[in-house]
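# Overview (structure and organization)
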Amino acid sequence: MSRIADNRWTRAIAPALLIHVSIGTVYCWSVFKQLIADRMHAPAGTIEWGFSLAIFFLGMSAAFLGPMVERDIKKSALVSMVCFAVGFAGTGLSIALNFLPGVFICYGAIMGVGLGIGYLVPVKNLMLWFSNNKGLATGIAVAGFGLAKAIASPVMEYLIASVGLVAMFYILAAVYAVMMFAGFLLIKRPQGYVYHPEAQVSRRSIMKKPVFWGIWLAFYINITCGLALISQEKDILHDALSQMPKYAGLSADKLSVAIAGIVGTVLAVDAVFNTLGRIGFSTLSDHLKRRETVYLIIFAMSIAVCLLQIGTHSIDRALLWAVLAMLFLVNAGYGGGFSTLPVLLDQHFGITAVSTTHGLALSAWAIAGLSGNQLASFVVSHASDQTHRYSALIPILALLYAVAAVSIWLVSRVKKREPVAA
């Protein structure tokens, strides 16, 4: 067998996509969460903790295990594969045994650790191989994470219908294990790269720098606001479409059936905007003097579409174009925030310890994963006028985006770090 060529496509892009397309299936939770609840006779709200814990352990494992990824990318890729595959298969076994804590342990904790390590593994490697186009490279990898749901959801639905829920977990655990093991075999640092332990910075020293917390806060708010809106997309579309003359006289059941196709199409286009945002914004950052400018664009765009909704009352007045503009552009900014983060951290802390700084910053994702959905649910459910239940949420999101914009603007006032050879 011929030796695999050492180039950035085989040693960086291919393994990044193999790993991220596998672990990104965590976002397929909505495909089977109700089936788990029905089979285990548990409330849907209780089952929802499986996903929340997975995101929490993703962020926290990235925060604590970033230095391991810096030291040994091969070992990290293998650990990620084992944790993710075991956690995925273990979820199926827990369902078969009707053991609810096992779902939380396997899908939430074990698989979550695999997610956190696996998310970090390809990022620095891509930045090393694509030293002149770091934003493009990280955008491609993170886009794989975002596209995983669109790729895997129909496969999961087919397997559930043909072999059952439990067997679906077993089969896909094996598939993802093979894919991630291939990523482990392929991934490799560029020739000449040497790990320098003495050049690494401690997490404590990073956390003492105000610039880190400025980036962390902006990243946290972007995720929180994005999740708050994304978690309500179906209901927002339901409220807007129900005001249209075509659907105004329908009962609740008939309305749901009538608008199902529209809602499904909008959610699919949302995924496209999310993916385009991941690639587009990080690529744009390669051509700007400062990476913070991309975040300022994201926040200005997000504030603008929120203010558009506030000014036009687009949900209540069924101005579908304005509602779609808000959903699509917030999704694009949500994705772009993830892909631009590593190169922004590189700008301020250097590439030598980017896995450590990136991991620490991803702790914001862990916390936002718990707060974003809950923020939206609390505000909407406690609205005094349920016929206009989003009139309070959208202004809150606009205000939070403004806080994030101020935070990242203050970060932009800090002098950039001088480039350091890796």
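Residue indices follow the written sequence of each chain, beginning from 1 at its first position. With the structure being a predicted model, the display of local features is reserved for residues of pLDDT at least 70 and the display and counting of side-chain atom pairs for 80 or more, all residues being used for whole-chain, interface and lining totals. Here the side-chain values reflect all heavy atoms present in the structure, with hydrogen atoms and water set aside.

## Observations concerning the overall build of the protein
- Of regular secondary structure, the protein possesses 17 helices and zero strands.
- In terms of overall size, the protein behaves like a compact globule, its C-alpha atoms giving a radius of gyration of 22 Å where 422 residues would be expected to give roughly 22 Å.
- Seen through its C-alpha atoms, the protein measures out along the principal axes to roughly 70 × 55 × 40 Å.
- For the protein, the residues scored as buried account for 55% of the 422 residues in total.
- Long-range contacts, defined as pairs at least 24 residues apart, comprise 84% of the intrachain contacts of the protein with a sequence gap of at least 6.
- Computed by Shrake-Rupley with a 1.4 Å probe, the accessible areas treat only the displayed protein chains as cover when residues are assessed. Surface exposure of the protein reaches about 17,400 Å², of which carbon and sulfur atoms provide 68%. Helix and strand labels come from DSSP, where a helix needs a run of H or I of at least four residues and a strand needs a run of E of at least two; each type is numbered from the N terminus. Note on method: radius of gyration uses C-alpha positions; expected globular size equals 2.2 Å times residues raised to 0.38. For each residue, the accessible area found with a 1.4 Å probe, counting protein chains only, is set against the maximum for its type, and the residue is called buried under 20%, exposed over 50%, and partly exposed in between. Contacts are assigned to residue pairs that have any heavy atoms within 4.5 Å of one another.

## Looking at the packing of helix H7 (residues 134-163) against helix H8 (residues 165-186)
- The contact between H7 and H8 brings their axes to 8 Å, and the two run at 135°. The orientation of H7 with respect to H8, classified from their angle, is oblique. Of the two possible hands of crossing, H7 and H8 adopt the one that is right-handed. Residues Ala152, Val155, Met156, Leu159, Ile160 and Val163 of H7 pack against Leu165, Ala167, Met168, Ile171, Leu172 and Tyr176 of H8. Interaxial angle, 0 to 180 degrees, is taken between N-to-C directions of lines fitted to C-alpha atoms, where a helix line uses only the stretch in contact. What sets the label is the angle itself: under 35 degrees gives roughly parallel, over 145 gives roughly antiparallel, 65 to 115 gives roughly perpendicular, and the rest give oblique. Crossings are assigned a handedness: left-handed for a near helix turned anticlockwise from the far helix by less than a right angle, right-handed for a clockwise turn.

## Observations concerning the domain arrangement of the protein
- Just so you know, the domain bounds were taken from an automatic or database domain assignment. When its domains are assigned, the protein resolves into domain 1 (8-188) and domain 2 (206-412).
- Once you take the C-alpha centre of each, domain 1 and domain 2 turn out to be 23 Å apart.
- Taken together, the contacts link 32 residues of domain 1 with 29 residues of domain 2.
- Within this document, salt bridges are pairs made up of a side-chain nitrogen of Lys or Arg and a carboxyl oxygen of Asp or Glu, the two lying within 4 Å of each other. For lysine 134, the salt bridge goes to aspartate 346, with nearest N and O atoms at 2.7 Å.
- For this analysis, a polar contact is any N or O atom pair within 3.5 Å, provided that within protein one partner can donate a hydrogen and the other can accept it, and provided that sequence-adjacent residues contribute only side-chain to side-chain pairs. Inspection of the region where domain 1 meets domain 2 yields 12 residue pairs in polar contact (both at pLDDT 80 or more).
- Of all elements in the fold, only helix H4 (49-71), helix H6 (100-129) and H7 reach the threshold of two or more residues within the side of domain 1 that touches domain 2.
- Examining the composition of the side of domain 1 that touches domain 2, we find that 13 residues originate from one element, H4, more than from any other.
- Each residue is assigned to one class: nonpolar for Ala, Val, Leu, Ile, Met, Phe, Trp, Tyr, Cys and Pro, charged for Asp, Glu, Lys and Arg, and polar for all the others, Gly among them. Residues that form the side of domain 1 that touches domain 2 fall into these classes: 21 nonpolar, eight polar and three charged.

## Remarks on the side chain of histidine 20
- Looking at the secondary structure, you find histidine 20 in helix H1 (residues 8-23).
- When neighbours within four sequence positions are excluded, histidine 20 is seen to be in contact with Gly118, Tyr119, Pro122, Ala141, Val142, Gly144, Phe145 and Ala148.

## Remarks on the pattern of salt bridges
- Under the definition given, this model contains eight salt bridges.
- Note that aspartate 6 and lysine 188 form a salt bridge whose closest N and O atoms lie 2.9 Å from each other. Linking aspartate 6 in the segment before H1 with lysine 188 in the loop between H8 and helix H9 (203-207), this pair joins segments that are 182 residues apart in sequence.
- On the basis of relative accessible area, aspartate 6 is assigned to the partly exposed category, the value being 33%.
- Salt-bridge contacts for lysine 33 lead to glutamate 48; the nearest nitrogen and oxygen are separated by 3.0 Å. In this pair, lysine 33 is assigned in helix H2 (residues 29-40) and glutamate 48 in the loop between helix H3 (44-47) and H4, connecting sequence segments 15 residues apart.
- Judged by its relative accessible area of 29%, lysine 33 falls in the partly exposed class.
- Using a relative accessible area of 24% as the deciding quantity, one classes glutamate 48 as partly exposed.
- Through salt bridges with shared partners, one network takes in Asp6, Arg11 and Lys188.

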